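# Notes for the structure review
For reference, the chains in residue letters:
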Amino acid sequence: PFSLLAGLAPALPRNFLVVEVKGNLLADLRKAIISRFPGFSKTACVAMGEPTMEYKEAIQALILREKKHQAEIERKKLFDSKKEAEAEEFDMDVSVKLTEEDRKLIHLKKLTSDLLPSDLGKCFH
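In short, a report on the structure. Note that the structure is predicted; figures quoted are calculated from it, not measured.

### Structural notes on the environment of R30
Within the secondary structure, R30 sits in helix α3 (residues 27-35). Residue R30 is classed as partly exposed on the basis of its relative accessible area, which comes to 33%. The spatial distance from the C-alpha of R30 to the C-alpha of E20 is 9.0 Å, given a sequence separation of 10 residues. Excluding its chain neighbours within four sequence positions, the residues that come into contact with R30 are G23, N24 and L25.

This is the structure we're talking about:
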């Protein structure tokens, strides 16, 4: 399947991201990969060091939004499980704050790994 996609990719007018850990690190393999895509622009973005404050604030806003969403789901479950008499007293207001641990995060945690250990083992012996 990968060889089929690799063969078709240069002919398709689409944006491509070539993710080959070993291939992108070694100059001769990288040149061989790039040579298969004539006419395409080659762009690389390398991010190093401490992220900007705007980026950190955006990440914290995403974390806070996710926490509020989860809290609202929990509140609705509790509200639905209450009897009608108790439901009038039930407060539906959701107030969530970031913890110190959340404030220290500078990247979102991913549900899946970027690279499987088996794939990493194949590339680096």
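### With respect to the pattern of salt bridges
Between side chains of opposite charge, a pair can form when the charged atoms approach closely. All chains considered together, the criterion is met by three salt bridges. Residues E50 and K56 are paired through a salt bridge, measuring 2.6 Å at the closest nitrogen-oxygen approach. Judged by relative accessible area, E50 falls into the exposed class, the value being 58%. Between K67 and D102 there is a salt bridge; the shortest N-O distance is 2.5 Å. Residue K67 is found in helix α4 (residues 53-81), and its partner D102 is found in helix α6 (residues 100-104); the two are separated by 35 residues along the sequence. On the basis of relative accessible area, K67 is assigned to the partly exposed category, the value being 28%. Taking the relative accessible area as the measure of exposure, D102 reaches 9% and is therefore buried.

Cut-offs used in this document
Residues numbered from 1 in each chain as written. Predicted model: local features only at pLDDT ≥ 70, side-chain atom pairs only at ≥ 80, totals over all residues. Heavy atoms only, no water. Helix = DSSP H or I, 4+ residues; strand = E, 2+ residues; numbered from the N terminus. Buried < 20%, exposed > 50% of the residue type's maximum accessible area, 1.4 Å probe, protein only. Contact = heavy atoms within 4.5 Å. Salt bridge = Lys/Arg side-chain N within 4 Å of Asp/Glu carboxyl O.

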